[in-house]
Amino acid sequence: MEPVLTAAAAWLDAVGVGPWSRGSALVYPVANTLHLLGLVMLVGGIGVVDLRFIGLWRGLPMAELSRALTPVAIGGLALMVASGTVLFAADGAALARSAIFERKLIIIAAALANAVAFRWIWRARIAGWTDGAPRPAQAMAAASLLLWLAAGASGRWIAYG
């Protein structure tokens, strides 16, 4: 994965994003703050939905909760992609060699694959889940929660790796 990340870092430098993110006293801290806000929106939104699918808050209808909070999570993910690109551009060459950063990207890919699979498999059935989600759906919701938390934790660990 390092050659792809190195090429991405070089491209971001060539189009000016890298120098812009490194050359301003405000760009990096603002991008970092927006990245954290995106993480809160993502894990806060989908985390509540996942916990409901696992079995918490049985009085809340699953379909409505999912319909309300999934867009918040998707917005958080979009914010993280945009701000993460700026953060990566600031130090892309070093991040391209970071095993922790690579692990973070792999965890994100697994979390996204799990989310797509969950929607593809269960979307039409969620409205009928009044007594609780089936065990396989609960397992996927638990995996979602753990994967997104692991991605967030990996991001924090990059500075120490």
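Cut-offs used in this document
Residues numbered from 1 in each chain as written. Predicted model: local features only at pLDDT ≥ 70, side-chain atom pairs only at ≥ 80, totals over all residues. Heavy atoms only, no water. pLDDT = per-residue confidence, 0-100. Helix = DSSP H or I, 4+ residues; strand = E, 2+ residues; numbered from the N terminus. Salt bridge = Lys/Arg side-chain N within 4 Å of Asp/Glu carboxyl O. Buried < 20%, exposed > 50% of the residue type's maximum accessible area, 1.4 Å probe, protein only. Expected span 1.5 Å × (residues − 1). Arc of directions from axis to C-beta. Contact = heavy atoms within 4.5 Å. Core = buried A, V, L, I, M, F, W, Y, C linked by side-chain atoms within 4.5 Å.

Time to look at the confidence of the model for the chain. Confidence along the chain averages 95 in pLDDT terms, with 100% of residues attaining 70 or more. For the chain, helix H1 (residues 2-14) is the element with the lowest average pLDDT, namely 93, and helix H6 (residues 99-122) is the one with the highest, namely 97.

The next thing to look at is the pattern of salt bridges. Inspection of every chain in the model, using the stated rule, returns 2 salt bridges. Salt-bridge contacts for Glu64 lead to Arg67; the nearest nitrogen and oxygen are separated by 4.0 Å. Placement of both Glu64 and Arg67 in helix H4 (residues 62-90) is noted, with a separation of 3 residues, approximately one turn of the helix. Residue class for Glu64 comes out partly exposed when judged on its relative accessible area of 44%. For Arg67, a relative accessible area of 56% gives the class exposed.

So, on to H1. Look at H1: 18 Å from first C-alpha to last across 13 residues, which is about the 18 Å you get at 1.5 Å a residue. Inspection of H1 places Leu5, Ala9 and Leu12 among the buried residues, and these make up the whole buried set. The buried residues of H1 all sit within an arc of 65 degrees when viewed along its axis, so they share a single face. Facing away from the buried surface of H1 by more than 90 degrees, the exposed residues are Pro3, Val4, Trp11 and Ala14. Buried residues along H1 sit in contact with helix H2 (17-22), H4, helix H5 (92-96) and H6. Following H1 by one or two positions, Gly16 adopts a phi angle in the positive range, close to 100 degrees.

Positionally, Ser21 belongs in helix H2. If we ignore the near neighbours within four places in the chain, the residues touching Ser21 are Val27, Tyr28, Val86, Ala89 and Ala90.

Moving on, we come to the nonpolar core. Core analysis: the largest hydrophobic core is formed by 23 residues, its most contacted members being Phe53, Phe118, Trp122, Ile126, Trp129 and Trp148. Among the secondary structure elements, those contributing two or more residues to this core are helix H3 (27-54), H4, H6 and helix H7 (135-157). Excluding its chain neighbours within four sequence positions, the residues that come into contact with Phe53 are Met62, Ser66, Phe118, Ile126, Trp129, Ala133, Gln138 and Ala141. Counting residues in each nonpolar core, the second largest holds 10 residues, with Leu12, Phe88, Ile100 and Phe101 among its members.

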